[in-house]
Amino acid sequence: MKKEDELIIRYLDQNLSEEEVQKLDQSLRENSVLRKKFYDQVNVGTALEEEFCSRLPEEKVISFKRKSSSVTLLAFAASFIIAVGIIGYSFSNTKESIATLASNENAAWESSLPTLEGSELRAGLMTLKSGVATIRFFIRC
Amino acid sequence: LVCGELRKPFYTLTTLESEEEKNHRFLSLFTANESSIHAYVRRLVYRREDASDVMQKIAIILWKKFDQLQSDDDFRKWSFGVARFEVLAWRRDLAREKERLVLSTETIELMAEELDRNAEQLDLEKEAILQHCLGKLKKDQRSALQDMYDDESNTPALAQKFGKSITGFYQWIYRIRQRLAECAKQVADAT
């Protein structure tokens, strides 16, 4: 095994000195075979994450203001992102809960999903019409 | 003036209708491509948390600039371009803050271009790893790989657990991962 190969795995483990990162950087730029090895290692890493990583909570606060006409689009965008986020997570598993509705502050929802504080959410669409809500997504490490 | 008054309501109505259609179009395009965009970002951004942050920015930018998309057929190419730009912004911010050591902009740009060209093949290989190749690992090999994703583990402790020096442990892990990559290529090429 070459020294550069070891640098790849240690880089991915975030265990390189500044000098070693520079060495790896230069080698990657000059060596297409090493780059292919790097892509292989990273690709295996993404697969291993999907396989092994536990579910951890991540908090996302989504909010918007009212009144201004220009804010209407922002409000819609905010609700839209919620939909995207939830649908996005549906790729991993559509039957399990993917998030918790952690809090509602004067929140008015249009949603087929539960909107009570503390509700567990499955993949689906939620539209936040007004107020502030906190959705805690379950993500893998 | 009269024409303007007549046109205005019509214009507003069509705008509202197209907004709704646009939302659905965006949703279906984004959800169809989200997995590939994420994988592309993840291959360039080596920490999962960073990749998650970059993905959020990409989703918002894609939505805000969706009107600039010329054709639905171009969504993937367009979204990868946005993703590449955001990865470089992430790299620039990290370098400025000197928070972590990362590869240079030139190297990331070079890799982004190559990964863009090979994204579909790599997606196939990733699926092959999950569906076929992981099952072929020996028990201790699988255990070592899994332990590396335990938040409370550290490499020196793992090396000791598996009876290896730190360098030996890294070399062992690298070889296991390389074998998974070779297995994935064989499976992907056969399908």
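Residues numbered from 1 in each chain as written. Chains lettered and ligands numbered in written order. Predicted model: local features only at pLDDT ≥ 70, side-chain atom pairs only at ≥ 80, totals over all residues. Heavy atoms only, no water.

Participant: Before we move on, could you go through the overall build of chain B and cite the residues and values that matter?
Facilitator: Of regular secondary structure, chain B possesses seven helices and zero strands. Helices and strands appear in chain B in the N-to-C order α-α-α-α-α-α-α. In terms of overall dimensions, chain B is more spread out than a globule: its C-alpha atoms have a radius of gyration of 23 Å, far above the 16 Å expected for 191 residues. Considering only C-alpha atoms, chain B reaches an extent of 85 × 45 × 30 Å along its principal axes. Taking all 191 residues of chain B together, 47% fall into the buried category. If you take every contact in chain B between residues at least 6 apart in sequence, the share linking residues at least 24 apart comes to 63%. Element-wise, carbon and sulfur atoms account for 50% of the exposed surface of chain B, whose accessible area totals about 10,900 Å². (Helix = DSSP H or I, 4+ residues; strand = E, 2+ residues; numbered from the N terminus. Rg over C-alpha atoms; globule rule 2.2 N^0.38 Å. Buried < 20%, exposed > 50% of the residue type's maximum accessible area, 1.4 Å probe, protein only. Contact = heavy atoms within 4.5 Å. Areas by Shrake-Rupley, 256 points an atom, 1.4 Å probe, with all protein chains shown as cover.)

Participant: Residues and numbers for the environment of Ala123(A), please.
Facilitator: Residue and element names in this part refer to chain A. Summarising the element assignment, Ala 123 is placed in the loop between strand S3 (120–121) and strand S4 (126–140). Taking the relative accessible area as the measure of exposure, Ala 123 reaches 26% and is therefore partly exposed. Each C-alpha atom, one on Ala 123 and one on Asp 40, is 31 Å from the other, the two residues being 83 residues apart in sequence.

Participant: Give a detailed account of helix H3 (residues 32–52) of chain A, specifying residues and quantitative values.
Facilitator: Under the 1.5 Å per step criterion, the end-to-end length of H3(A) is 30 Å for 21 residues, consistent within 8% with the ideal 30 Å. The buried fraction of H3(A) is high, at 15 of 21 residues. (Expected span 1.5 Å × (residues − 1).)

Participant: Just give me the short version of the state of the cysteines, but keep the residues and values in it.
Facilitator: All names here are of chain B. Scanning the entire structure with this criterion turns up one disulfide over all chains. A disulfide bridge connects Cys 133 with Cys 183, and the sulfur atoms are separated by 2.0 Å. One quick way to see it: the torsion about the S-S bond of Cys 133 and Cys 183 is about -85°, and its sign makes the bridge left-handed. Placement of Cys 133 in helix H4 (residues 105–133) and of Cys 183 in helix H7 (residues 166–190) is noted, with a sequence separation of 50 residues between them. For the residue pair Cys 133 and Cys 183, the accessibility class agrees, reading buried in each case. (Disulfide = S-S within 2.5 Å.)

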